[in-house]
Amino acid sequence: MRSVTAQGCARGFGVGLLLAAGVVDVLYAGADGTSVLPTADPVWPTLALMIVGQTAVLWPVGRRPEWLTPQLRTAAPAVLSLLITVGSLLIHGAVVLGPGEVIVLLCLLFIAVRHCPPRWAMVCGVLDAVALLLTPMRGDVSLEEDVLGLEVVGLLLIGLVAGLAGYLRSLDYRRTVAVSETRRSERLAIAADLHDFVAHHVTGILVQTQVARMMATGQPGELDPVLAGIERAATEALASMRRTVGVLRHTGPDASDNRPVGDLAGITELIDGFALPGQQAVLHRDPAVSDALPHEIQAAAFRVVQEALTNIRRHAADATHIDVRLQNDTGRLKVSIADDGRGGTQLPAAAHGGGFGLVGLKERVTALGGELDAGPLGGAGWEVRAVFPGRRG
């Protein structure tokens, strides 16, 4: 609240200073009594320049029409200033240079360098700079020392304003690139999440469908639990896709908060809905494992369990016992998934996956400072092991 108030005060002070400087210019012009045109009131050229210039600088952004582009805002007052200068030289009428015109032209130079499109920034910036540098020529050009001093001051002011505007423009560009890269990375992560969720559920649907086909002939009375599992897996897959599409359509800065990631509590749901007839999936959770672990670590642990269970369905559908363990290993979270399968599976080759799931998981785990490895057990079966730091460093 204080920063907003300070910004409002600073903006109000700047507007007041600009308006006051414009009034000073108009008063100077009226007191001088000279004019660019012999038949014109000497105040009108300066008054017209102040109206056009201050309108271009102060027009509120929210009420600015589409045709009032930065190019037009910065070029029109500069052209008017140049016309007044040329008229003064041709008619030999001294038009007093006041602080209002200098401030307006410097503000327009800043706007041109920072906000104009790249092709126009140089043109409009040079136009504003030239207009400012030629204003001292309106007076008595015989006073070469005074004119030279004003030109030097003008060059210094132009250099400072253009340099500041260019620096801020570069920051704007870097910020835009950073936001763009962040959004791209976020969408890639969301796409990976969608793959993980849908692959897990669709693989379950495929395996349970095969089980249902086998039971249809020999055990038709036991089909209902299998069909219920297929329905549940299909519903979860559709819900995952719907949540992900919702996140992708969300353009706000907190899109990552809506990403359909899991946590330690979600691992229980994975285990409860995993086992097929003839299988047993058990979760062993150490009471010392806290629910207050960093969310990114919980999400990565969830992904490890999910990918391991998906691989069991794909490559070891004959497994009868699956153990999932969450342990507190001296402050670190240790996750292990072990099965007793012998690699018996009848899934089509296209459903086996590309073999990149564990590779992606390893990158995710190591990025959090953890370790991931997988390998066969002593007798039969396979185990996936991951260790995460208790806190992300």
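Details of the structure are given in the entry above.
Residues numbered from 1 in each chain as written. Predicted model: local features only at pLDDT ≥ 70, side-chain atom pairs only at ≥ 80, totals over all residues. Heavy atoms only, no water.

Would you take a moment to explain the packing of aromatic side chains for this structure?
The description of an aromatic ring pair uses the distance of the two centres, along with the angle that the planes make with each other. By the definition in use, this model includes one aromatic pair. With a centroid separation of 6.4 Å and 85° between ring planes, the pair formed by tryptophan 59 and tryptophan 67 is classed as edge-to-face. The partly exposed category is assigned to tryptophan 59, whose relative accessible area is 29%. (Phe/Tyr/Trp six-rings, centres within 6.5 Å; stacked < 30°, edge-to-face > 60°. Buried < 20%, exposed > 50% of the residue type's maximum accessible area, 1.4 Å probe, protein only.)

Could you clarify how one ought to interpret the environment of glycine 87 in this entry?
The residue glycine 87 is located in helix 3 (residues 70-91) in this model. Overall, the relative accessible area of 14% leaves glycine 87 in the buried class. Separated by 51 residues in the primary sequence, glycine 87 and arginine 138 place their C-alpha atoms 8.8 Å from one another. (Helix = DSSP H or I, 4+ residues; strand = E, 2+ residues; numbered from the N terminus.)

Is there a simple way to explain a nonpolar patch on the surface in this structure?
A contiguous nonpolar surface patch, about 340 Å² in accessible area, is contributed by Met122, Val126, Val130 and Leu134. Residue placement: valine 126 occurs in helix 5 (residues 118-134). (Patch = residues over 30% accessible without salt bridge, like charges linked within 9 Å, V, L, I, M, F, W, Y side chains within 5 Å. Areas by Shrake-Rupley, 256 points an atom, 1.4 Å probe, with all protein chains shown as cover. Salt bridge = Lys/Arg side-chain N within 4 Å of Asp/Glu carboxyl O.)

Would you mind showing me how to read the pairing of strand 5 (residues 382-388) here?
Across a regular strand the side chains alternate sides, sitting on one face of the sheet and then on the other. For strand 5, a buried count of five out of seven residues is recorded, marking the element as mostly surrounded by other parts of the structure. In this sheet, strand 5 lies alongside strand 4 (residues 371-376) in antiparallel orientation, the contact comprising six bridges. Paired with alanine 374 across the bridge in strand 5 is valine 384. Connecting strand 4 to the next strand, strand 5, in antiparallel fashion are five residues, including glycine 381 with a positive phi near 110°. (Pairing = 2+ DSSP bridges.)

Quick question: what am I supposed to make of the layout of surface pockets here?
Any empty space left between atoms is shown by rolling a water-sized probe over those atoms. Taken as a whole, the second largest pocket spans an internal volume of roughly 580 Å³. If you go around the second largest pocket, you meet 18 residues; those closest to its centre are Val57, Arg73, Cys107, Phe110 and Ile111. Secondary structure elements with two or more residues in the lining of the second largest pocket: helix 1 (2-32), helix 2 (43-58), helix 3 and helix 4 (99-115). Here the lining of the second largest pocket is composed, by residue class, of twelve nonpolar, two polar and four charged. (1 Å grid on protein atoms, 1.4 Å probe; cavity = no way out; pocket = protein on both sides within 12 Å on 5 of 7 lines; lining within 4 Å. Points joined across faces, edges and corners; volume = space filled by probe spheres on them. Nonpolar A, V, L, I, M, F, W, Y, C, P; charged D, E, K, R; others polar.)

I tried to follow unusual backbone geometry on my own but got confused; where do I start?
When glycine is set aside, most residues are seen to have a negative phi, and most peptide bonds are trans. Of note in the backbone geometry, threonine 330 takes a positive phi value of approximately 50° without being a glycine. As for its placement among the helices and strands, threonine 330 is situated in the loop between strand 2 (321-329) and strand 3 (332-339).

Looking at this structure, how should I read the packing of helix 2 against helix 4?
Interaxial distance between helix 2 and helix 4 falls to 10 Å at its minimum, and their mutual angle equals 35°. Judged by the sense of rotation from one axis to the other, the crossing of helix 2 with helix 4 is left-handed. Only Gly100, Glu101, Val104, Cys107 and Leu108 of helix 4 make contact with helix 2, whose side of the interface consists of Leu49, Met50, Gly53, Gln54, Ala56 and Val57. Along the lines of polarity and charge, the residues of the contact of helix 2 with helix 4 split into seven nonpolar, three polar and one charged. (Axes fitted to C-alpha atoms, helices over the stretch in contact; angles between N-to-C directions. Left-handed = near helix turned anticlockwise from the far one by under 90°. Contact = heavy atoms within 4.5 Å.)

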